[in-house]
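Per-entry structural report
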Amino acid sequence: MRVEPYTPQHKQAWDEFVAGSRNGTFLFHRDYMEYHRDRFCDSSLLVFDDRGRLAALLPANRDGGSVVSHGGLTYGGLVIGPRLGLGGTLDVFAAALAFLHGHSVSRLVYKAVPHIYHLYPAEDESYALFLAGARLTRCDPSAVVAQDSRPGFQERRRRGAKKALGHGLIVSHATDFGPFWRVLTDNLRARNLRPVHTLEEIELLHSRFPDHIRLYLCSEQGSVVAGTVIYETQRVAHAQYIAASGRGKEIGGLDLLFQTLLSEVYVRKPFFDFGVSTEKEGRFLNRGLMEQKEGFGAGVIAYEQYEIALQHFDGACLLASGQGR
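Residues numbered from 1 in each chain as written. Predicted model: local features only at pLDDT ≥ 70, side-chain atom pairs only at ≥ 80, totals over all residues. Heavy atoms only, no water.

Quick look at the overall build of the protein chain
Put simply, the rule is: Secondary structure is summarised from DSSP: a helix means a run of H or I of at least four residues, a strand means a run of E of at least two, and numbering begins at the N terminus for each. Atoms counted for the radius of gyration: C-alpha only. Globule rule: 2.2 Å times the number of residues to the power 0.38. Exposed residues in this analysis have more than 50% of their type's maximum accessible area, buried residues have under 20%, and partly exposed residues fall in between, with area computed by a 1.4 Å probe over protein chains only. A 1.4 Å probe and the Shrake-Rupley method give the accessible areas. Residues count as covered only by the protein chains that appear here. Asp and Glu count as negative and Lys and Arg as positive, but His and the ends of the chain are not part of the count. Each charge is placed at NZ for Lys, CZ for Arg, CG for Asp and CD for Glu.
For the protein chain, the helix and strand inventory stands at 11 helices and 17 strands. Computed over its C-alpha atoms, the radius of gyration of the protein chain comes to 21 Å, within 12% of the 20 Å expected for a compact globule of 325 residues. Summarising its shape, the C-alpha atoms of the protein chain cover approximately 70 × 40 × 35 Å along the three principal directions. Within the protein chain, the proportion of its 325 residues that are buried is 52%. Here the protein chain displays about 15500 Å² of accessible surface, and carbon together with sulfur accounts for 49% of that area. With 37 positive and 36 negative side-chain charges, the protein chain shows a spacing of 4 Å between the two charge centroids.

So, the pairing of strand 8 (residues 107-111)
Heads up, the condition is: A strand pair is defined by DSSP finding two or more bridges across the two strands.
Counting buried positions over the 5 residues of strand 8 gives 4, a clear majority of the element. Note: strand 6 (residues 66-69) against strand 8, 4 bridges, orientation parallel. Its bridge partner being in strand 8, serine 66 is matched across the sheet by arginine 107. Note: strand 8 against strand 17 (residues 299-309), 5 bridges, orientation antiparallel. When the bridges of strand 17 are listed, lysine 111 appears paired with glutamine 305.

Brief notes about the environment of arginine 37
Checked against the element boundaries, arginine 37 lands in the loop between helix 2 (30-33) and strand 2 (41-42). Looking at arginine 37, the relative accessible area reads 60%, which means it is exposed. In this structure, the C-alpha to C-alpha distance between arginine 37 and asparagine 61, residues 24 residues apart in sequence, is 9.5 Å.

Considerations on unusual backbone geometry
Residues other than glycine predominantly adopt negative phi, and peptide bonds predominantly adopt the trans conformation. For the bond from serine 69 to histidine 70, the omega torsion is -5°, close enough to zero to count as cis. Unusually for a residue other than glycine, glutamate 281 sits at a positive phi of about 60°. In this fold, glutamate 281 is placed in the loop between strand 15 (278-279) and strand 16 (284-285).

So, the packing of aromatic side chains
Definition in use: Whether two aromatic rings pair depends on their centres lying within 6.5 Å, for rings of Phe, Tyr and Trp, where Trp uses its six-membered ring; planes under 30 degrees apart make the pair stacked, over 60 edge-to-face, and the rest tilted. Put simply, a charge is over a ring when the Lys NZ or the Arg CZ is close to the ring centre, within 6 Å, and near the line of the ring normal, within 35 degrees.
In total, this model carries 22 aromatic pairs according to the counting rule given. On the numbers, 5.3 Å between centres and 75° between planes, the contact of tyrosine 6 with tryptophan 14 is edge-to-face. Relative accessible area serves as the criterion here: at 11%, tyrosine 6 is assigned to the buried category. For tryptophan 14, a relative accessible area of 0% gives the class buried. Pairing phenylalanine 177 with tryptophan 181 gives two aromatic rings, centres 6.5 Å apart and planes at 65°, and the pair type is edge-to-face. Judged by its relative accessible area of 1%, phenylalanine 177 falls in the buried class. Taking NZ or CZ as reference, arginine 30 lies 3.6 Å from the ring centre of tyrosine 6, over its face. Lying over the aromatic face of tryptophan 14, arginine 30 brings its terminal NZ or CZ to 4.8 Å of the ring centre.

Structure representation (structure tokens):
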């Protein structure tokens, strides 16, 4: 295996590999990763096999003595090609860790891609993490609806949607993010928070990925009372942002919005991911928010983060696995 740091000359090969991978999404395309390159020191890696073919990618950034995969993304971890088996993944993992160790990286923070985003089973990395002695350091429960086994909506959610219809609310797809961003910003400001993306950033990303980033609004006589920004991948519709005004909360704007998305817009999408409902590095569960999402038929999948200490890493734990049969 040969490991190379990412450079702009790799952009086309990188993006083409992501598009054909088993577990990559548009978040790993360079035009997405680099919108905030001023805030992250890119340390992404490409791993080639013994024939010189690209076998895997590791989107990552440097943070002092650590490398994070990836600090600016919801999830990260190895992006693996369709031909790479488990044995090959172990070799790739060992090569990447050895490269990082050789470049004075003391710790790898690894954010695994949740299985619902895989085009087909690709949890090879879980076994590699186990063999490498990775330590689970964070776990965020995300509320996810599986459309092929979704239970009925909770009565409270149905009543809310009916109330919204009674007030003449309308759900629509939109491209003007400004009105929703004001509702979102006001909501977060009340909790001393702000959106991860500025309005200018989300507009830029939407211009680059119009088929993957979509805005849906619930409006009353033309005024936005609720909305959500959806990150759409091949198997998942992920609610990146959700917000409602005081009026929207009062008259069931979100209930109608998500009833429409789940029953009409994304009824054929295998999974609808409402996102996490945790704070304080995953240690505090917002139960009310989680229960609201569960009312639409959501269950839990885990967004997991691991750490691997690299000070004494030698790769033997990975390379020796399965040898000598």
